[in-house]
Amino acid sequence: MPQMSQRHPVARIAQLALGSLLLIGAALLGPLPGPGGIFLFAGGMILILRNSRRAQIRWTRLMRRWPRVADLVHRAMRRRSALRRRARRRVLGAR
């Protein structure tokens, strides 16, 4: 996958705009019954975080500020870092 700086600027802007639209759609669908807003929110965040360095920095700061929420998010996204942290806690807890 090409790095953010290697992508064409028009493609990056288009993906940022689409991500923003998905976030707006998630806010509109949120009050309705069903999980539709969650999927739109996740898709929008993925597009924005892949294409905006500023958003990545802010997201990282939020995750450091609230580590319990960050752990839940990382587990939900099935990230390797969450698996490593869980394994590390098991080893340290066994001592």
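A brief look at the structure comes next. Residues take numbers from 1 onward in each chain, read along the sequence in its written order. Local features in this predicted model are restricted to residues of pLDDT 70 or higher, and side-chain atom pairs are both shown and tallied only at a pLDDT of 80 or more, whereas totals for entire chains, interfaces and linings draw on every residue. To get the side-chain values, all heavy atoms of the structure are used, and hydrogens and water are removed first.

1. Structural notes on the overall build of the chain
Definition in use: Secondary structure follows DSSP: runs of H or I at least 4 residues long count as helices, runs of E at least 2 residues long count as strands, and numbering of each begins at the N terminus. Radius of gyration here uses only the C-alpha atoms, and the compact-globule reference equals 2.2 Å multiplied by the residue count raised to the power 0.38. It only takes one pair of heavy atoms within 4.5 Å for two residues to be counted as in contact. Here, Shrake-Rupley sampling with a 1.4 Å probe gives the accessible areas, and only protein chains in the shown set may cover a residue.
When its secondary structure is counted, the chain shows five helices and zero strands. Listing each helix as α and each strand as β along the chain from the N terminus yields α-α-α-α-α. A compact globule built from 95 residues would reach a C-alpha radius of gyration of about 12 Å, whereas the chain, at 16 Å, exceeds it by more than 25%. Viewed in the frame of its principal axes, the chain has a C-alpha envelope of about 55 × 40 × 25 Å. Within the chain, contacts between residues at least 6 apart in sequence are counted, and of these 40% link residues at least 24 apart. A total of about 7,900 Å² of accessible surface is found on the chain, and carbon and sulfur atoms cover 63% of it.

2. Quick notes on the side chain of Ser 52
In plain terms, the rule: Note on classification: 1.4 Å probe, protein chains only; a residue is buried when its accessible area is under 20% of the maximum for its type, exposed when over 50%, partly exposed between these limits.
By the secondary structure assignment, Ser 52 is in the loop between helix H2 (36-51) and helix H3 (53-65). Given the relative accessible area of 16%, Ser 52 is considered buried.

3. As for the packing of H3 against helix H4 (residues 67-76)
As a reminder of what qualifies: As a rule, the C-alpha atoms of each element are fitted with a line to give its axis, helices using only the stretch in contact, and angles between N-to-C directions run from 0 to 180 degrees. In this classification, the charged set is Asp, Glu, Lys and Arg, the nonpolar set is Ala, Val, Leu, Ile, Met, Phe, Trp, Tyr, Cys and Pro, and all remaining amino acids, among them Gly, are polar.
Between H3 and H4, the least distance of the axes is 5 Å, while the angle of their chain directions is 115 degrees. On H4, the residues that touch Trp 59, Met 63, Arg 64 and Arg 65 of H3 are Pro 67, Ala 70, Val 73 and His 74. Partitioned by chemical class, the residues of the contact of H3 with H4 number five nonpolar, one polar and two charged.

4. A closer look at the environment of Pro 31
Within the secondary structure, Pro 31 is located in the loop between helix H1 (9-29) and H2. Under the relative-accessibility criterion, Pro 31 is labelled exposed at 70%. Remark: the alpha-carbon pair of Pro 31 and Ala 42, spanning 11 residues in sequence, is separated by 16 Å.

5. Describing H2
Each full turn of the α-helix corresponds to 3.6 residues, which orients residues three or four apart in the same direction. Rule in force here: For a helix, the expected span equals 1.5 Å multiplied by the residue count minus one.
With 16 residues, H2 should cover 22 Å at 1.5 Å per step; its first-to-last C-alpha distance of 23 Å lies within 8% of that length. Elements that come into contact with the buried residues of H2 comprise H1 and H3.

6. Considering the environment of Arg 12
Here Arg 12 shows up in helix H1. For Arg 12, a relative accessible area of 24% corresponds to the partly exposed category. Measuring from C-alpha to C-alpha, the distance between Arg 12 and Ser 52 comes to 8.4 Å, with 40 residues separating the pair along the chain.

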